[in-house]
Amino acid sequence: MTTKDIELLLNNASIACGYEGDLTVSFSNLPKICDFQCNGCFKIAKLHGQNPVQVANNIIDKIDKTNKDYEFSVLNGFINIKLTDQKLSQLANEYLQDDMAGIEKRERKQKIVLDYGGANVAKALHIGHLRPAIIGESLKRLYKLFGDEVIADVHLGDWGLQMGLCELQLFEDGKLDYYFQGKGEEPVITLDMLNEAYPKASARKNTDEDFKKKAEDWTVKIQSKKEPYYSIYKKIRAVSVEKIKQHYGELGATFDLWYGESDASEYIPHALKIIKEKGLARESEGAIVVDVAVEGENIPIQSDKDGTKRYKNPMPPCIIEKGNGAVLYATTDIATILMRNMTIKDIDRIEYVTDARQNMHFTQVFRVCKLAGISPKNQILLHIGNGTMNGKDGKPFKTRSGDTIKLEDIIDMLVNKASKKLSANGVEFDRDTALMIGVGAMKFGDLVNNVGKDYVFDIDKFLAFEGKTGPYLQYTVVRINSILNKLNGVKGGEINIDNDEMREIIKAIIKLNSSYSICYREKSLSSLCSASFDLASAFSTFYNNISVANEKDEIRKAGYISLLNLVKNKLMQALGVLAIEVPKKM
Ligand code: ARG
């Protein structure tokens, strides 16, 4: 069921009273009193010069008398609606049969390219790539639940200055003599070599102008596929990508396409040609730019701590070519959109999950693509900007020395902390279990927040086994599995709702089912997280008050077993979308 079913009943009654038929129904603000509410009688009362209480009573008098699903009552002009036990039982059995029952259907399935990787080759994956991976993976699963076709593209950062920096440093450290001086044997490029070279080079470029300039030239050589620069680059890329795949794997993020900026770069000349032919490009201070400002707009560039927005007005032009021949971030993204549209048919939406601070970049890129017709008119281009992960001090999460935290270190920390918890609880476990719990805790701690908001990364809080956390949900499923195992052999039967514990569970499932469409609309998983937690809490009350194993009435017991299966299915479905795995034991 959805609120639409109730709206239909109410609006038929409303029309029968001679009123308009545009009443809407929402979940109740007072769940102790009723399940749903309708606030529309005040408007009707005003229009018809009547008293709202009278209007509400008139409407409920005219409700179809064959209705056995809902009880209607009037309080101060509001219509309160309660689900009958008969309806709750019917829904429970329906939900058990069909996972998708109660989840709104989307009329048109869409083809979506989702870009939420962005890891950079030669650099270690860092905390900035964590939120996009977590959020993007869940959005992908959410869209798929609704039947959309989703193509996940990792879009590696594999064509920028980091390549030149890394390679030049290896060269200066004498590691590339074989290629440049024909000395010794061909070296095997390892991850350790990259991990040493890149940070060194990156720090150097900030103080050593000469080195930076050299690295830029080196990058242009790679980008123009000059040898041996390009072959060495390909080796660096291969080593790096292997590690990146492992990390994304540990986070449970999987991609259909493993393209990078380098693949898109092939489309740059074509993209530039289209833009220039359309007359969109102009010269400005030695660069080629496209004007993308819209008259009268105010572009928020930052929100101050006290909430006041600052604006940059208007949107600056998008730079698509610079004098030195280096490839630009914006141009690469424009070329990527061209590549996607040339290689994949009829894409309805292209969505990006990255840090919210990249919003201006994407606005510029999208506008250029629309102006140039690189993206068809009816195609939606969307940037889903995520807020920052902050430390307890409220500042972006950094290491003690102020460096960006590497993903590898975060994963280690999660595994360690989860291991400690499990040991303290006396549970036998392996690394995979600790990883599942640690990563699950982090994902839930992230997804429970609105995507655009900053939040505090507090792993101890996220890892609590009680409260609104990932481990609590995982634990609930583990607990249900253990009850079901103990009752092994007892068959489930029809669910008959006749006590408050059961009522609360089914109502929590109705809300959980409806949260999927809220998430789809908001492009944020927070309502699904909250609704999953509410279901786990309703189950916990049931578990504390009712012993299924000791139930003497066989029919009732069979109904309870089905209810346990239903709760488990619904939690597993939600955790599936949140990409949180459930361990066997915890
Ligand atoms: N590689 C970029 C970074 O690390 C992120 C890429 C995001 N995706 C995109 N299509 N621009 O900042």
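Structure first, text after, so check above.
Residues numbered from 1 in each chain as written. Predicted model: local features only at pLDDT ≥ 70, side-chain atom pairs only at ≥ 80, totals over all residues. Heavy atoms only, no water.

**Q** Report on empty space enclosed by the protein, specifying residues and quantitative values.
**A** Counted according to the given criterion, the structure contains 1 cavity of 30 Å³ or more. Each pocket or cavity is described by its volume, and for the largest cavity that value is around 120 Å³. Every residue lining the largest cavity is counted, 14 residues in all, and those nearest its centre are Lys123, Ala124, Leu125, Asn195 and Lys243. If you list the elements that add at least two residues to the lining of the largest cavity, you get helix 8 (191-207), helix 10 (229-250) and helix 15 (407-424). Of all the elements, helix 10 adds the most residues to the lining of the largest cavity, at 4 residues. Tallied by class, the residues present in the lining of the largest cavity amount to 7 nonpolar, 3 polar and 4 charged. (1 Å grid on protein atoms, 1.4 Å probe; cavity = no way out; pocket = protein on both sides within 12 Å on 5 of 7 lines; lining within 4 Å. Points joined across faces, edges and corners; volume = space filled by probe spheres on them. Helix = DSSP H or I, 4+ residues; strand = E, 2+ residues; numbered from the N terminus. Nonpolar A, V, L, I, M, F, W, Y, C, P; charged D, E, K, R; others polar.)

**Q** Go over the side chain of Gln474 with me, naming the residues and quoting the values.
**A** Note on placement: Gln474 falls in helix 18 (residues 470-486). Taking the relative accessible area as the measure of exposure, Gln474 reaches 0% and is therefore buried. A distance of 2.7 Å separates the side chain of Gln474 from the backbone oxygen of Glu581, its partner in a polar contact. Beyond its immediate sequence surroundings of up to four residues, Gln474 is in contact with Met436, Ile437, Gly440, Ile580, Glu581, Val582, Pro583 and Met586. (Buried < 20%, exposed > 50% of the residue type's maximum accessible area, 1.4 Å probe, protein only. Polar contact = N/O pair within 3.5 Å; in protein donor to acceptor, adjacent residues only side chain to side chain. Contact = heavy atoms within 4.5 Å.)

**Q** Could you give me a rundown of the site of the ligand, with the residues and numbers involved?
**A** Around the ligand, the surrounding shell consists of Asp115, Gly118, Asn120, His129, His155, Tyr329, Asp333, Tyr352, Thr354, Gln358 and Phe362. Between the ligand and Gly118 there is a distance of 2.8 Å, counted from a nitrogen atom to a backbone nitrogen or oxygen. About the coverage of the ligand: the protein hides 85% of its 350 Å² of free accessible area. Assessed atom by atom at 2 Å from the grid points, the ligand resides in the largest pocket. Secondary structure elements with two or more residues in the shell around the ligand: helix 13 (329-343) and strand 12 (349-355). Of the residues that constitute the shell around the ligand, the class distribution is 3 nonpolar, 6 polar and 2 charged. (Near = heavy atom within 4 Å. Areas by Shrake-Rupley, 256 points an atom, 1.4 Å probe, with all protein chains shown as cover. Sits in = over half its atoms within 2 Å of the grid points.)

**Q** An account of the sheet that holds strand 3 (residues 70-75) is requested, with residue identities and associated values reported.
**A** Read across the sheet, 4 strands follow the order 1-2-4-3 without closing on themselves; strand pairing throughout is antiparallel. At either margin of the open sheet sits one strand with a lone partner, and together these are strand 1 (26-27) and strand 3. Where strand 2 (residues 36-38) lies against strand 4 (residues 78-83), 3 bridges are found, and the strand directions are antiparallel. Counterpart to Phe36 in the pairing with strand 4 is Ile81. In this fold helix 3 (residues 52-61) packs onto strand 3 and strand 4, with an angle of close to 165° to the strand it touches most, strand 3. (Pairing = 2+ DSSP bridges. Axes fitted to C-alpha atoms, helices over the stretch in contact; angles between N-to-C directions.)

**Q** Run through the nonpolar core, naming residues and quoting values.
**A** Among the nonpolar cores identified, the biggest contains 153 residues, and Leu10, Ile59, Phe72, Ile79, Ile81 and Phe542 are the most heavily contacted of them. Among all residues touching Phe542, those that are not within four sequence positions of it are Glu501, Met502, Ile505, Val548, Tyr560, Leu563 and Leu564. Judged by nonpolar contacts, the second largest core, of 29 residues, contains Val292, Leu338, Phe362 and Ala372. (Core = buried A, V, L, I, M, F, W, Y, C linked by side-chain atoms within 4.5 Å.)

The analysis is restricted to geometry; functional conclusions fall outside its scope.
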